[in-house]
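# Structure assessment
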Amino acid sequence: MAEITTEEQPTRAEARRMRRFDNPWRNPKLIWGAGLLLGIVALGLIGRVLWDPDLVFTGSSMLRLPPVGFENMRGQAGTLANPLGTDGAGRDVLALLIIGAPNSLFVGVLASLIGMSIGIFLGFTAGFVGGRVDDVIRVLSDVMITIPPLLILVVFQSAFGDVSLTMMAVLIAGFVWQSPTRLIRAQVLSMREAGYVQMARLSGASTMHIMFREMLPNLVPYLFGSFIANVTTSIVTAVGLEVLGLGPQRVPTLGRTIYEAINAGALIQNLWWWWAIPTLLLAVMFIGLLLINLGLDEVSNPRLRKL
Amino acid sequence: MGRIPRAYIFNRLVTLLLTVWIAATLIWIIPRLSPVDPAEIMLGRMTAGAGTVANSEAILATLQERFGLNDPMIVQYVKYLRNVVQFDFGLSTASFPTPVATMIGNALPWTVGLMLVSIVITFIIGNLLGALMVWDHSPKLVRVAIPAAMVFTSIPPILSGLLLMWIFAANMQWFPLTGAYGLFVEPGWTWAFVQSVIYHGFLPALSIVVVSFGFWALGMRGLMITVQGEDYTKLAEAKGLRPRYILYRYMIRNAILPQITAFALKIGLLIAGQVLVERIFAYNGMGKLLYDAILDQDFPVIQGVSYVIILMTALSVFLVDLIYPLIDPRIRHEAR
């Protein structure tokens with residue numbers, strides 16, 4: 001970067017460049033991660049318009065066709081009618097992705113949003129009210145953080161059978177509120193004594209005002225990081241349920257596609273496109289979420305930026 | 001040693017018991033809220049097997065009696081809690097009349113063995129690589145290659161398991177596709193058996209390691225950056241100590257402690273993830289048992305497996321919490 005002395009005003013271009021470098025939100029990881037996720041959302045939105053969503057129905061195409069440019073074990077070549085091939089029940093893999101990927105994201109985001117709201121509410125309550133209430137909330141979150149959600153959900157769904165996507169998200173939300181609760185409780189406790197909060201209190205601001213107008217904005221990077229981490233956890237849990245054959249039975253999801261592929265012996269029969277393409281898409285989704293989280297870490301902790 | 005206050009231990013113990021109690025209660029309540037009746041499922045299985053069943057009414061009544069479904073709810077609950085403490089989960093409905101405890105007893109060593117091996121390897125590799133990423137003297141390759149490998153962190157082990165299985169078992173046939181040991185190997189403490197177990201366990205363990213070491217590396221990197229700026233590191237450098245000595249004795253030693261807390265929090269996820277890995281590799285552990293039980297709607301087994309895994313998770317977290325203050329003298333014991 002050019003040396004700028006105090007006498008010289010930086011040119012407009014230089015100033016713009018410096019602002020860019022100083023803006024932590026212009027973080028390459030953050031941008032890449034958001035780009036990957038937006039790509040998946042776009043696949044779901046634009047895909048529905050450009051591609052026929054009815055191809056997710058059983059028997060809408062020939063069975064076990066390979067992607068374009070490949071040949072399956074019966075010697076059939078892939079066709080443009082099903083560019084990513086078809087599964088064992090004649091469903092188009094591209095259509096499965098277009099319908100299934102947004103479903104996975106939806107479950108993750110909804111579960112995380114609900115968990116986040118519970119977490120914000122309980123965290124502030126615990127930090128502000130203190131005493132017995134704090135004890136109960138803290139012990140409950142300590143307890144719930146140990147219980148693996150997947151197992152309780154397995155018990156639930158094998159007892160109740162089919163669930164909807166929304167229901168699954170609500171159930172998962174019951175297990176992702178602990179980390180925001182802890183995070184906010186700890187921050188509230190330390191910020192309660194901070195100068196600006198005391199100032200606000202002295203100037204007669206209400207508790208609600210202090211909590212949501214003074215304290216909450218400071219927590220935004222942490223909360224957003226916690227939100228993204230919870231989206232990942234929720235999707236992993238949902239996919240886990242689906243791969244065990246639980247989860248929604250009537251809506252196509254990426255996890256259920258993988259479950260059906262494993263059950264039909266797709267690995268041994270080398271029908272790789274059936275399970276590998278949904279797997280890769282899920283991997284892209286997770287990588288995108290990870291990059292966003294890493295980017296956010298760098299935004300809120302400048303020490304990490306040097307690498 | 002011996003510096004852990006009683007109150008701290010007591011506090012952790014209460015959390016442990018609460019965790020297990022709440023989990024056990026959830027596992028008990030949920031099936032009871034559902035319209036599915038285990039006795040009817042069993043009768044249905046009999047009918048499907050034999051075509052028709054005589055006296056189905058009487059059998060249903062007997063089964064309901066056998067499962068204790070006629071008692072008042074509170075009696076059932078107390079009986080359940082008493083049984084759970086004694087690891088008595090009743091009899092499997094799918095492979096009646098095998099006790100669930102026996103089936104779990106057979107599956108548990110496989111899960112614990114695979115888990116210990118993969119968790120220990122993951123923790124060591126991850127932390128070492130994370131430290132090397134920050135260390136000024138590590139080879140350039142390390143600093144470039146590890147961040148690149150980091151993208152795997154976010155992928156759950158079940159996906160890596162599928163990919164590894166496809167590449168190394170289905171295509172290259174270097175490793176077996178499924179199972180925990182060879183078909184023609186007699187289980188026992190023979191070299192052939194041990195060899196077979198290692199050979200079969202390699203891919204499941206690898207699929208956990210490749211996706212989880214990055215998590216530790218990432219955490220370690222953040223901690224090492226903090227330690228690097230500390231005065232004692234600068235002092236050690238000024239004293240002219242060998243860089244390698246500083247890395248191990250000063251930097252890693254001080255940075256690794258929060259990782260152990262992270263470890264306790266991560267155990268639950270690791271175990272749940274491993275259950276799925278076992279399912280796709282048809283590995284003879286708790287994961288396969290759980291999956292088969294889901295297919296057969298074998299409720300006692302589903303409950304038993306879930307309970308034991310939750311118990312294992314809670315116990316591991318408890319142990320890590322107890323060990324932590326022993327290795328980190330800086331920790332304050334808050335007896336709250």
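Residues numbered from 1 in each chain as written. Chains lettered and ligands numbered in written order. Predicted model: local features only at pLDDT ≥ 70, side-chain atom pairs only at ≥ 80, totals over all residues. Heavy atoms only, no water.

Of the regular secondary structure elements, chain B holds 13 helices and zero strands. Of the regular secondary structure in chain B, the N- to C-terminal order runs α-α-α-α-α-α-α-α-α-α-α-α-α. Look at the contacts in chain B between residues 6 or more apart in sequence, and 72% of them connect residues 24 or more apart. Accessible surface, chain B: about 16,800 Å² in total, of which carbon and sulfur atoms supply 67%. (Helix = DSSP H or I, 4+ residues; strand = E, 2+ residues; numbered from the N terminus. Contact = heavy atoms within 4.5 Å. Areas by Shrake-Rupley, 256 points an atom, 1.4 Å probe, with all protein chains shown as cover.)

Over its 15 residues, helix H7 (residues 157-171) of chain B extends 20 Å from the first C-alpha to the last, a length consistent with the 21 Å expected when each residue adds 1.5 Å. The element H7(B) is largely enclosed, with a buried count of 11 among its 15 residues. Buried residues of H7(B): B:Pro157, B:Ile158, B:Leu159, B:Ser160, B:Gly161, B:Leu162, B:Leu164, B:Met165, B:Trp166, B:Ala169 and B:Ala170, and no others. For H7(B), the secondary structure elements touched by its buried residues are helix H9 (207-243), helix H10 (254-263) and helix H11 (272-300) of chain A together with helix H8 (191-228) and helix H11 (257-281) of chain B. (Expected span 1.5 Å × (residues − 1). Buried < 20%, exposed > 50% of the residue type's maximum accessible area, 1.4 Å probe, protein only.)

Under the defined criterion, the tally for this structure stands at one cavity of 30 Å³ or more. There is about 30 Å³ of room inside the largest cavity. Lining the largest cavity are A:Ile145, A:Thr146, B:Ala264, B:Leu265, B:Gly268, B:Thr313 and B:Val317. Where the lining of the largest cavity is concerned, the elements lending two or more residues are helix H4 (131-146) of chain A together with H11 and helix H13 (299-327) of chain B. In terms of residue class, the lining of the largest cavity is built from four nonpolar, three polar and no charged. (1 Å grid on protein atoms, 1.4 Å probe; cavity = no way out; pocket = protein on both sides within 12 Å on 5 of 7 lines; lining within 4 Å. Points joined across faces, edges and corners; volume = space filled by probe spheres on them. Nonpolar A, V, L, I, M, F, W, Y, C, P; charged D, E, K, R; others polar.)

Here the focus is the pattern of salt bridges. The tally for this structure, following the rule as stated, stands at nine salt bridges over all chains. A salt bridge links A:Arg256 to A:Glu260, with the shortest nitrogen-to-oxygen separation between them at 3.4 Å. Here A:Arg256 and its partner A:Glu260 are both found in helix H10, four residues apart, which amounts to about one turn of the helix. Residue A:Arg256 is classed as buried on the basis of its relative accessible area of 13%. Between B:Asp292 and B:Lys288 there is a salt bridge whose closest N-O contact spans 3.7 Å. Here B:Lys288 and B:Asp292 lie together in helix H12 (residues 286-296), a separation of four residues that amounts to about one turn. Connected through shared salt-bridge partners, A:Asp87, A:Arg91, A:Arg256 and A:Glu260 make up one network. (Salt bridge = Lys/Arg side-chain N within 4 Å of Asp/Glu carboxyl O.)

Take the UniProt feature "transmembrane region" (unreviewed entry) in chain B next. All names here are of chain B. Mapped onto the present numbering, the UniProt feature "transmembrane region" (unreviewed entry) falls at residues 12-30, 107-132, 144-169, 189-218, 256-277 and 305-327. As annotated, residues 12-30 has a helix share of 100% and a strand share of 0%, and its two end C-alpha atoms lie 27 Å apart. Along residues 256-277, the helical share is 95% and the strand share 0%, with 28 Å between the first and last C-alpha atoms. (UniProt positions renumbered as here; feature names shortened; annotations may be inferred.)

What follows is about helix H5 (residues 149-160) of chain A. An ideal rise of 1.5 Å per residue puts 16 Å on 12 residues; H5(A) measures up with 16 Å between its terminal C-alpha atoms. Counting buried positions along H5(A) gives 11 out of 12 residues, so the element sits mostly inside the fold. By the burial criterion, the buried members of H5(A) are A:Pro149, A:Leu150, A:Leu151, A:Ile152, A:Leu153, A:Val154, A:Val155, A:Phe156, A:Gln157, A:Ser158 and A:Ala159. Structurally, H5(A) contributes buried residues whose contacts are with helix H6 (165-173) and H9 of chain A together with helix H1 (6-33), H11, H12 and H13 of chain B. Positioned one or two residues after H5(A), A:Gly161 has a phi angle of 75 degrees, which is positive.

What follows covers the side chain of A:Ser104. With respect to the element layout, A:Ser104 can be found in helix H3 (residues 93-129). Classification of A:Ser104 as buried rests on a relative accessible area of 5%.

Moving on: a nonpolar patch on the surface. Taken together, the side chains of A:Val41, A:Leu45, A:Ile46, A:Val49 and A:Leu50 present a nonpolar region at the surface, about 520 Å² in accessible area. Locating A:Val49 in the fold gives a position in helix H2 (residues 28-50). (Patch = residues over 30% accessible without salt bridge, like charges linked within 9 Å, V, L, I, M, F, W, Y side chains within 5 Å.)

Now for the UniProt feature "domain: ABC transmembrane type-1" (unreviewed entry) in chain A. Here the UniProt-annotated "domain: ABC transmembrane type-1" (unreviewed entry) positions come out as residues 101-293 of chain A. Helix and strand shares over residues 101-293 of chain A are 81% and 0% respectively, and the end C-alpha atoms of the span are 20 Å apart.

Locating A:Ser226 in the fold gives a position in helix H9. For A:Ser226, the residues in contact, after removing those within four places along its chain, are A:Met116, A:Ser179 and A:Pro180.

Counting residues at the interface gives 48 residues for chain A and 56 residues for chain B. Here chain A packs against chain B, burying approximately 4,700 Å² in sum over the two surfaces, 79% of which is carbon and sulfur. In terms of surface lost to chain B, no three residues of chain A exceed A:Leu151, A:Val155 and A:Leu244, which account for 13% of the buried area on that side. Viewed at the interface, chain B and chain A are joined by zero salt bridges. At the boundary of chain A and chain B, one finds three residue pairs in polar contact (both at pLDDT 80 or more). Where the side of chain A that touches chain B is concerned, the elements lending two or more residues are H4, H5, helix H7 (178-191), H9, H10 and H11 of chain A. (Buried area = accessible area lost by both parts, 1.4 Å probe. Polar contact = N/O pair within 3.5 Å; in protein donor to acceptor, adjacent residues only side chain to side chain.)

All names here are of chain A. Here the UniProt feature "transmembrane region" (unreviewed entry) sits at residues 30-51, 105-130, 150-177, 219-241 and 272-296. Split by type, residues 105-130 is 96% helix and 0% strand. Its first and last C-alpha atoms lie 36 Å apart. Taken as a whole, residues 272-296 contains 100% helix and 0% strand, while its terminal C-alpha atoms sit 35 Å from one another.

So, about the environment of B:Ser207. Residue and element names in this part refer to chain B. Among the secondary structure elements, serine 207 is positioned in helix H8. Note on serine 207: relative accessible area 0%, which makes it buried. Along the sequence, serine 207 and serine 160 sit 47 residues apart, while their C-alpha atoms lie 5.4 Å from each other. For serine 207, the contacting residues outside a window of four places in its chain are Pro157, Ser160, Gly161, Leu164, Val277 and Phe281. Within the local environment of serine 207, its side chain forms a polar contact with the backbone oxygen of proline 204, the two atoms lying 2.7 Å apart.

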